[in-house]
Amino acid sequence: MRLRKVLRFTTWSNVAYGAAQVAVGWNTGSSAALSDGIHNMVEVIGHGKHTKTHVEEQKAVDHEHGEIAKKVSTQRKMAAAAIAAGALFAGYQAADHFINREQEPLNKAALLIELGGLGLNYGLKKAVEKNYDGSMASKDSLAHNKADTTISAVAVASILVNPLIPGADAIGGAYGAYKSYRVAKGIWTDTEHHHSHDE
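We now turn to the structure provided with this report. (Residues numbered from 1 in each chain as written. Predicted model: local features only at pLDDT ≥ 70, side-chain atom pairs only at ≥ 80, totals over all residues. Heavy atoms only, no water.)

### Some points on the overall build of the protein chain
A tally of helices and strands in the protein chain yields seven helices and zero strands. Along the chain direction, N to C, the helices and strands of the protein chain fall in the order α-α-α-α-α-α-α. Its C-alpha radius of gyration of 17 Å places the protein chain within 12% of the 16 Å reference for a compact globule of 199 residues. Summarising its shape, the C-alpha atoms of the protein chain cover approximately 60 × 30 × 20 Å along the three principal directions. Burial analysis of the protein chain (199 residues in total) assigns 47% to the buried set. Of the contacts formed within the protein chain by residues at least 6 apart in sequence, a portion of 80% connects residues at least 24 apart. Split by element, the accessible area of the protein chain, about 9,600 Å² in all, is 64% carbon and sulfur. Once the 21 positive and 20 negative side-chain charges of the protein chain are each reduced to a mean point, those two points are 4 Å apart. (Helix = DSSP H or I, 4+ residues; strand = E, 2+ residues; numbered from the N terminus. Rg over C-alpha atoms; globule rule 2.2 N^0.38 Å. Buried < 20%, exposed > 50% of the residue type's maximum accessible area, 1.4 Å probe, protein only. Contact = heavy atoms within 4.5 Å. Areas by Shrake-Rupley, 256 points an atom, 1.4 Å probe, with all protein chains shown as cover. Lys, Arg positive; Asp, Glu negative; His and termini not counted. Charge placed at Lys NZ, Arg CZ, Asp CG, Glu CD.)

Take a look at the structure:
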């Protein structure tokens, strides 16, 4: 189960890197880094639920139980809810930073942490693509990692532009919140669609 190892690594790397992003964002005043870090730490629940979904899907294949299909739906909905919570919190942080924006020099620490996050998220996305097995868990995780990669890229761009356009950093955080919400909504809607066909 190589995919499951990738899913577990994704979960724990998001804990560690999210904590680093929160620390840098908080200490340097970067809304983009803070929002991305909070997003990653809250969404650890979502990444963990992708792993649990994969476990339950395998049980369903092995045992062909309808009850397990309900567990898969529950895990996916819990992942979507966690991702949505991360989006809400990141959006709040971005709005607060935008309202209180100031002209600031280039935040090098935030830029470096977000460049690292971009590399990590791109690597995780590629690992899921390489081990993609057609399961709902792999589909959800791939969508999640694609969004995380885009969020990091936008955060990098917004940090670079922030010295020229005050508030750009907050716009990066708001974009991250929006992308997370879209992933959560997509997983929830797809789960509802699959669940209605299973009944």
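Let us keep going from here.
### A few points about the side chain of Asp-36
You can see Asp-36 is positioned in helix H2 (residues 31-42). Of the polar contacts made by the side chain of Asp-36, one reaches the side chain of Ser-152; its length is 3.4 Å. Beyond its immediate stretch of four places on either side in the chain, Asp-36 contacts Gln-21, Glu-114, Ile-151 and Ser-152. (Polar contact = N/O pair within 3.5 Å; in protein donor to acceptor, adjacent residues only side chain to side chain.)

### With respect to helix H1 (residues 2-28)
Counted at 1.5 Å a residue, the expected span for H1 with its 27 residues is 39 Å, and the 38 Å between its end C-alpha atoms agrees. Positive backbone phi, at 80°, marks Gly-29, one or two positions downstream of H1. (Expected span 1.5 Å × (residues − 1).)

### Concerning the nonpolar core
Counting residues in hydrophobic clusters, the biggest one holds nine residues: Val-24, Ala-32, Ala-33, Ala-110, Leu-111, Ile-113, Ala-155, Val-156 and Ile-159. For this core, the elements supplying multiple residues, two or more each, are H2, helix H5 (108-130) and helix H6 (136-161). Excluding anything up to four places from it in sequence, Ala-110 contacts Val-24, Thr-28, Ser-30, Ala-33 and Ile-159. (Core = buried A, V, L, I, M, F, W, Y, C linked by side-chain atoms within 4.5 Å.)

### A few points about the environment of Gly-167
Relative to the assigned elements, Gly-167 resides in the loop between H6 and helix H7 (168-198). Judged by relative accessible area, which is 1%, Gly-167 ranks as buried. Taking the C-alpha atoms as reference, Gly-167 lies 5.3 Å from Arg-101; in sequence the two are 66 residues apart.

### Some details on the packing of aromatic side chains
Inspection of every chain in the model, using the stated rule, returns one aromatic pair. With a centroid separation of 6.4 Å and 45° between ring planes, the pair formed by Tyr-175 and Tyr-178 is classed as tilted. Residue Tyr-175 and its partner Tyr-178 are located together in helix H7, separated by three residues, close to a single helical turn. Judged by its relative accessible area of 29%, Tyr-175 is partly exposed. (Phe/Tyr/Trp six-rings, centres within 6.5 Å; stacked < 30°, edge-to-face > 60°.)

### Points about a nonpolar patch on the surface
Residues Leu-106, Leu-160, Val-161, Leu-164 and Ile-165 make up a contiguous nonpolar surface patch of roughly 450 Å² in combined accessible area. Among the structural elements, Leu-106 can be located in the loop between helix H4 (66-99) and H5. (Patch = residues over 30% accessible without salt bridge, like charges linked within 9 Å, V, L, I, M, F, W, Y side chains within 5 Å. Salt bridge = Lys/Arg side-chain N within 4 Å of Asp/Glu carboxyl O.)

### Some points on the environment of Lys-130
Along the chain, Lys-130 turns up in helix H5. By relative accessible area, Lys-130 is classed as exposed at 66%. A C-alpha to C-alpha distance of 9.9 Å links Lys-130 and Val-6, two positions 124 residues apart in sequence.

This is a description of form; function is not addressed.
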